[in-house]
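Commentary on secondary and tertiary structure
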Amino acid sequence: MEDDLSRRLLQLEGGINFRDMGGYPTADGRQVKWGNLYRSGSMARLTPADAAQLVDLGIRCVVDFRSRREQKRDPNLWCAEAGVTYWSRDHQEVFGQLHTMAERGIDNEEQAMEIMAEGFRHLPFQQAPAYAELIRRIADGHVPIAFNCTAGKDRTGGAAALVLSVLGVPREIIVADFTLTEKAVNLRTAFGARPQDANSPYAGLPEAVMDALAGARPAYISAFLDSIAERCGSAEGYLAEIGVPADAAQAVRAQLLE
């Protein structure tokens, strides 16, 4: 997994954690196509050269999981300029209510990890409208496609795990793709953790707490996958619950596997 990070991670001047998800094997002996499925952090700081590189990759659609506040603060401009379809929704949900928890105080690393795991258990259902749209877009052939949040870790990590589950990629590889984020990006920077900013709800939190909040730890994405399994039985059961057409999973496989 680590050995091919250089192939997965796009070298973009203003990119954050922009990765090709190709090459992962499935349980039935196929693999995810390269150059068709991308995960990313915010694309708000892409340079003209970055945008040209993404256009050359043939990206047709971007699905943005960020809240309306995040979108207004750091708008995605390159899609409109490049004629790339851009989808987002008007919502104000913040993953795991981290700001509220931070303001109340998080005492130690264990507590921070429990908060993150609980957030990941709720994530499939909190982001259901956006995840459903992503699956529908892929099934309808809007590929190559990229999806993003701010750091490309939590909301994006859940989406990546969902798509890979639908494709039949083994769980251990799904977890490894999630944890690869810690090597692909400086999460403390991407997360926006600036302890020197006195106005930040994260100012003054212990270093171990910040590392747990900003980290991409196996327990987090495991909580996401377990939540789907416990409530819906499988990835396909989850898609049915969130209103995705019954034939979408097979269509996604047809689009993304070889």
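Residues numbered from 1 in each chain as written. Predicted model: local features only at pLDDT ≥ 70, side-chain atom pairs only at ≥ 80, totals over all residues. Heavy atoms only, no water.

**Quick word on the overall build of the protein chain**
Along the backbone of the protein chain there are 15 helices and 5 strands. Counting all 258 residues of the protein chain, 55% fall into the buried class. Expressed as a percentage of contacts within the protein chain between residues at least 6 apart in sequence, the contacts between residues at least 24 apart total 73%. Surface exposure of the protein chain reaches about 11100 Å², of which carbon and sulfur atoms provide 48%. (Helix = DSSP H or I, 4+ residues; strand = E, 2+ residues; numbered from the N terminus. Buried < 20%, exposed > 50% of the residue type's maximum accessible area, 1.4 Å probe, protein only. Contact = heavy atoms within 4.5 Å. Areas by Shrake-Rupley, 256 points an atom, 1.4 Å probe, with all protein chains shown as cover.)

**Quick look at the environment of Tyr86**
Looking at where Tyr86 falls in the secondary structure, it is placed in strand E4 (residues 85-87). Among the residues examined, Tyr86 registers a relative accessible area of 29% and is labelled partly exposed. A distance of 2.6 Å separates the side chain of Tyr86 from the side chain of Asp64, its partner in a polar contact. (Polar contact = N/O pair within 3.5 Å; in protein donor to acceptor, adjacent residues only side chain to side chain.)

**Quick look at the packing of aromatic side chains**
For the structure shown, the criterion picks out 7 aromatic pairs. Ring geometry for Phe65 against Tyr131: centres 5.4 Å apart, planes inclined by 85°, an arrangement best described as edge-to-face. With Phe65 in the loop between strand E3 (61-64) and helix H3 (68-73) and Tyr131 in helix H7 (residues 128-139), the pair connects residues that are 66 residues apart, well separated along the chain. An identical accessibility class is assigned to Phe65 and Tyr131; each is buried. Taking 6.0 Å as the distance between ring centres and 50° as the angle between the ring planes, the aromatic pair formed by Phe65 and Phe147 counts as tilted. Here the residue Phe65 occupies a position in the loop between E3 and H3, and Phe147 occupies one in strand E5 (residues 145-148), the gap between them amounting to 82 residues. Using a relative accessible area of 0% as the deciding quantity, one classes Phe147 as buried. Members of the aromatic cluster, joined through ring pairs, are Phe65, Tyr131, Phe147 and Phe224. Arg7 extends its terminal NZ or CZ atom over the ring of Trp34, reaching a point 3.7 Å from the ring centre. Over the ring of Tyr24 we find Arg8, and its NZ or CZ is 3.9 Å from the ring centre. (Phe/Tyr/Trp six-rings, centres within 6.5 Å; stacked < 30°, edge-to-face > 60°. Lys NZ or Arg CZ within 6 Å of the ring centre and 35° of its normal.)

**Description of the packing of helix H6 (residues 109-126) against H7**
Two elements in contact, H6 and H7, have axes whose closest approach is 6 Å; the angle formed by their N-to-C orientations is 60°. Our classification of the angle between H6 and H7 gives oblique. On H7, the residues that touch Leu123, Pro124, Phe125 and Gln126 of H6 are Ala128, Pro129 and Tyr131. Split into classes, the residues belonging to the contact of H6 with H7 amount to 6 nonpolar, 1 polar and no charged. (Axes fitted to C-alpha atoms, helices over the stretch in contact; angles between N-to-C directions. Parallel < 35°, antiparallel > 145°, perpendicular 65-115°, else oblique. Nonpolar A, V, L, I, M, F, W, Y, C, P; charged D, E, K, R; others polar.)

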